Amino acid sequence: MSRPKAHGLQPVGSNDHNIDPTKNIKYRQALTNMYYFDPHIHMVSRTTDDYETLAKMGCVGMSEPAFWAGFDRGSVDSFRDYFCQLTDFEQKRAGMYGLKHFTWMCINAKEAENVQLSREVIKIIPDFLDCPNVLGIGEIGLNKNTKNEATIFLEHIDLAVEYSQQILIHTPHLEDKFQGTRMILDMLNGDSRLERNRVLVDHVEEHTVRHVLDDGYWAGMTLYPVSKCTPARAVDLIEMYGPERLLVNSAGDWGPSKPTAVPDFILEMRRRGHPESLVRKIVYENPIEFFSQSSNFSFTPPNVPEAAIQ
Amino acid sequence: MPQPMPAPDVLDREFLEIRAKLLEVAASFDRIDRGEGSVEGDPRMALYREALETLLSDQPNRAEQIQQIFSRQYEESWRTKFGV
């Protein structure tokens, strides 16, 4: 007597309508690069080889918010040098592989605990706002949801309003995320000067995404190996909330992170059978729509068709 | 709204993956048990227990519920408290 086949014990993918290694069109699509933007990645922490890899995988550009270097910087001059790196050197490295590099200026939430230093940094930011790759103020936000962090967050908002800048916002990690996101939304919603469609609230997850979208802001999903979202959970959120005002990013940095996480998301969308038009909207058209609200954003789509992976 | 895959297809595709994740959790609890000392009073263990109970419920938004279990509470009056 033959043994009955246990439900679900067949090889992974053998019953998957998207994966047919010989003739299924969706399988062929999965072997094709799609152009995409990574709206949040910290390239100063990555190697030039990573730029090359991203270009090979279909990335056409990225935006890099100013962030914490892994240690607290000691003076405003450290930030000035960092801002020069973001507005000059990283553009050149990206350009070697045909990638457009954009950036955002701020003192991050973790170092914002030092109010005096933060105010000195905020004073020098206007010197960089006319640089051609600067999209706005970011990533500002909260880290441990303290009074000092909130104070500096509000002063960054004042700066953004004064110079008519877009805003990119970091929401806290893990147990602090829900509380911090709600506090950030309170501060944003309480400021009638802001245009909500020019504000991106990043690192949303299952318990925060609805609040951000319902209040009229853009939301970013960060694909991280352990914390934040996985590609599968990001696709779940797309299926639950739709593609409007949602972005996906790798937030690749100096810690455990994967700079090629956006292609992982693209593959997961395809494996679930979502149409190419939907995938393209999320990873390519949405970032362009959001960035286009910045006066410094200029982008010429590549004049070559999206290519099959070699 | 984007359509999710049919439920039987999701189960077919993810059966082994979910099985592996459950085993990882079980093995982690076994590892804690085998270790010297006790974590019985550690509040994180209570959070795990609450999360596992949520997992076994039939609510449609288990992931969001579990996120909330591991989250600090939000207080509407925080601005008054901070004076900002």
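Since we're looking at a predicted model, the values are computed, not measured. (Residues numbered from 1 in each chain as written. Chains lettered and ligands numbered in written order. Predicted model: local features only at pLDDT ≥ 70, side-chain atom pairs only at ≥ 80, totals over all residues. Heavy atoms only, no water.)

What about the packing of aromatic side chains?
Residue and element names in this part refer to chain A.
- Applying the stated criterion across every chain, the model contains 19 aromatic pairs over all chains.
- Plain terms: the ring middles of W68 and W254 are 5.8 Å apart, the flat faces sit at 65° to each other, and that makes the pair edge-to-face. With W68 in the loop between β2 (59–65) and α3 (76–95) and W254 in the loop between β8 (246–249) and α9 (261–271), this pair connects stretches of sequence that are 186 residues apart.
- Aromatic ring contacts, followed pair by pair, group Y35, F37, F102, W104, W218, Y284, F290, F291, F297 and F299 into a single cluster.
- The ring of W68 carries K110 above its face, with NZ or CZ at 4.6 Å from the centroid.
- The side chain of R280 reaches across the aromatic face of Y284, ending 5.7 Å from its centre. (Phe/Tyr/Trp six-rings, centres within 6.5 Å; stacked < 30°, edge-to-face > 60°. Helix = DSSP H or I, 4+ residues; strand = E, 2+ residues; numbered from the N terminus. Lys NZ or Arg CZ within 6 Å of the ring centre and 35° of its normal.)

What to know about the pairing of β8(A)
- Of the two faces of β8(A), the one carrying A:L246 and A:V248 and the one carrying A:L247 and A:N249 are both buried.
- The β-α-β motif built from strand β7 (residues 218–222) of chain A, the intervening helix α8 (residues 231–241) of chain A and the parallel element β8(A) has right-handed crossover chirality. (Buried < 20%, exposed > 50% of the residue type's maximum accessible area, 1.4 Å probe, protein only. Right-handed = clockwise from strand over helix to strand, strands pointing away.)

Brief notes about the interface of chain A and chain B
- In this complex, chain A contributes 39 residues to the contact, which on the side of chain B involves 24 residues.
- Per-residue buried area on chain A facing chain B is highest for A:Q179, A:H207 and A:E239; these three make up 16% of the total on that side.
- At the boundary of chain A and chain B, one finds three salt bridges.
- Across the contact surface, chain A and chain B share eleven residue pairs in polar contact (both at pLDDT 80 or more).
- Contributing elements (two or more residues each) for the side of chain A that touches chain B: α5 (147–162), α6 (177–189), α8 and α9 of chain A.
- The residue inventory of the side of chain A that touches chain B, partitioned by class, reads twelve nonpolar, twelve polar and 15 charged. (Contact = heavy atoms within 4.5 Å. Buried area = accessible area lost by both parts, 1.4 Å probe. Salt bridge = Lys/Arg side-chain N within 4 Å of Asp/Glu carboxyl O. Polar contact = N/O pair within 3.5 Å; in protein donor to acceptor, adjacent residues only side chain to side chain. Nonpolar A, V, L, I, M, F, W, Y, C, P; charged D, E, K, R; others polar.)

So, the domain arrangement of chain B
Residue and element names in this part refer to chain B.
- Domain parsing of chain B yields domain 1 (7–37) and domain 2 (38–73).
- Both sides of the domain 1 and domain 2 interface together cover about 380 Å² of buried area, and 87% of this is carbon and sulfur.
- Remark: the boundary between domain 1 and domain 2 carries zero salt bridges.
- At the boundary of domain 1 with domain 2, the tally comes to zero residue pairs in polar contact (both at pLDDT 80 or more).
- Here the residues of the side of domain 1 that touches domain 2 sort into two nonpolar, one polar and one charged. (Domains from an automatic or database assignment.)

Examining the sheet that holds strand β5 (residues 166–170) of chain A
Residues and elements named next belong to chain A.
- The parallel open sheet is built from eight strands, whose spatial order is β1-β2-β3-β4-β5-β6-β7-β8. Each having just a single partner strand, β1 (36–38) and β8 make up the two edges of the open sheet. Here the strands of the sheet are splayed against their neighbours by 25° on average, with no regard to which way each runs.
- Relative to β2, β1 runs parallel, the two sharing three bridges. Residue pairing in the sheet places Y36 in a bridge with C59 of β2.
- Along the sheet, helix α2 (residues 48–56) makes contact with β1, β2 and β3 (100–105), crossing β2 at roughly 135°.
- Where α5 meets the sheet, its contacts fall on β4 (134–141) and β5, and the angle it forms with β4 comes to roughly 165°. (Pairing = 2+ DSSP bridges. Axes fitted to C-alpha atoms, helices over the stretch in contact; angles between N-to-C directions.)

A closer look at the side chain of A:S250
All names here are of chain A.
- Positionally, S250 belongs in the loop between β8 and α9.
- We classify S250 as buried; its relative accessible area is 0%.
- Not counting chain neighbours up to four residues away, the residues in contact with S250 comprise D38, H40, I41, T222, L223, Y224, K258, P259, A261 and V262.

Let's talk about the nonpolar core
- Among the nonpolar cores identified, the biggest contains 94 residues, and A:F37, A:M62, A:F83, A:I169, A:L188, A:F265 and A:V283 are the most heavily contacted of them.
- For A:F83, the residues in contact, after removing those within four places along its chain, are A:A66, A:M105, A:C106, A:V121, A:I124, A:I125 and A:F128. (Core = buried A, V, L, I, M, F, W, Y, C linked by side-chain atoms within 4.5 Å.)

Side note on the pattern of salt bridges
Residues and elements named next belong to chain A.
- As enumerated under the stated definition, the model contains 26 salt bridges over all chains in all.
- Ionic pairing is found between E111 and R73, a salt bridge with its closest N-O pair at 2.9 Å. Of the two residues, E111 sits in the loop between β3 and α4 (115–124) while R73 sits in the loop between β2 and α3, which places them 38 residues apart along the sequence. Of the two residues, E111 and R73, neither departs from the other in class, the shared state being buried.
- For K177, the salt bridge goes to E205, with nearest N and O atoms at 4.0 Å.

Focus on the confidence of the model for chain A
- Here chain A averages 91 in pLDDT, and 89% of its residues register 70 or above.
- Scored below 50 in pLDDT, residues 1–23 of chain A shows 32 contacts in the model against residues more than four places distant or in partner chains. (pLDDT = per-residue confidence, 0-100.)

Details of the environment of A:V134
All names here are of chain A.
- Tracing the backbone through its elements, the reader meets V134 in strand β4.
- Between the alpha carbons of V134 and L200 there is a distance of 15 Å; along the sequence they are 66 residues apart.
- Ignoring any residue separated from it by four or fewer positions in sequence, one finds V134 in contact with T87, T103, M105, F128, L129, S294 and N296.

Here we look at the packing of α3(A) against α4(A)
Residue and element names in this part refer to chain A.
- Remark: α3 packs on α4, axes separated minimally by 9 Å, with the N-to-C direction vectors making an angle of 40°. Considered as vectors, α3 and α4 are oriented oblique to each other. Between α3 and α4 the crossing geometry is right-handed. For the pair α3 and α4, contact is made by V76, F79, R80 and F83 and by L117, E120, V121 and I124, respectively.
- A class-by-class count of the residues in the contact of α3 with α4 yields six nonpolar, no polar and two charged. (Parallel < 35°, antiparallel > 145°, perpendicular 65-115°, else oblique. Left-handed = near helix turned anticlockwise from the far one by under 90°.)

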